[in-house]
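Each chain, letter by letter, is given below.
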Amino acid sequence: MGTDSLLNLLCWTPLAKPIRALRQHRINRIAKENYDKRKIDSIIETIIVDYGDLLS
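Figured I'd write up the structure that's included with this text.

### Things to note about the overall build of the protein
Thought 1: Each helix and strand counted, the protein has 2 helices and 0 strands in total.
Thought 2: For a compact globule of 56 residues, the expected C-alpha radius of gyration is about 10 Å, and the protein comes in at 20 Å, more than 25% above that figure.
Thought 3: The principal-axis extent of the C-alpha atoms belonging to the protein is close to 60 × 20 × 10 Å.
Thought 4: By the burial criterion, 5% of the 56 residues in the protein qualify as buried.
Thought 5: With the model as given, the accessible surface of the protein reaches about 5,100 Å², and the carbon-plus-sulfur share is 63%.

### Section: a nonpolar patch on the surface
Thought 1: A contiguous nonpolar patch, built from I40, I44, I48 and L55 and spanning about 380 Å² of accessible area, is present on the exposed surface.
Thought 2: Turning to its location among the elements, I48 is positioned in helix α2 (residues 16-55).

### Examining the pattern of salt bridges
Thought 1: Taken as a whole and judged by the stated rule, the model has 3 salt bridges.
Thought 2: Measuring nitrogen to oxygen at the nearest pair gives 3.7 Å for the salt bridge that ties D4 to R26. Note that D4 is positioned in helix α1 (residues 3-10) and R26 in helix α2, a separation of 22 residues in sequence.
Thought 3: Look at R26 and you get partly exposed, because its relative accessible area is 31%.
Thought 4: Ionic pairing is found between E33 and R29, a salt bridge with its closest N-O pair at 3.6 Å. Of this pair, E33 and R29 both sit in helix α2, separated by 4 residues, roughly a single helical turn.
Thought 5: Residue class for E33 comes out partly exposed when judged on its relative accessible area of 39%.

Rules of the game
- Residues numbered from 1 in each chain as written.
- Predicted model: local features only at pLDDT ≥ 70, side-chain atom pairs only at ≥ 80, totals over all residues.
- Heavy atoms only, no water.
- Helix = DSSP H or I, 4+ residues; strand = E, 2+ residues; numbered from the N terminus.
- Rg over C-alpha atoms; globule rule 2.2 N^0.38 Å.
- Buried < 20%, exposed > 50% of the residue type's maximum accessible area, 1.4 Å probe, protein only.
- Areas by Shrake-Rupley, 256 points an atom, 1.4 Å probe, with all protein chains shown as cover.
- Patch = residues over 30% accessible without salt bridge, like charges linked within 9 Å, V, L, I, M, F, W, Y side chains within 5 Å.
- Salt bridge = Lys/Arg side-chain N within 4 Å of Asp/Glu carboxyl O.

This is the structure we're talking about:
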C-alpha cells in the first residue's frame, strides 16, 4: 500500500484535519515552486533577448 492510499484511508478517521493540512502544505509548496520556475524562465528569456549578442 502506497503513501497516498494510506492517507486516503486515514482521511476517514479523526486524523483527517492533520492530513488535510499536510496535503495543503504540499500543494502550496508545489505551486510556489512552479511560480518560481515560471519567473526564472521569464528572467532568463529577457536576458537572452537583451544580451543575446554577448552570448554567441
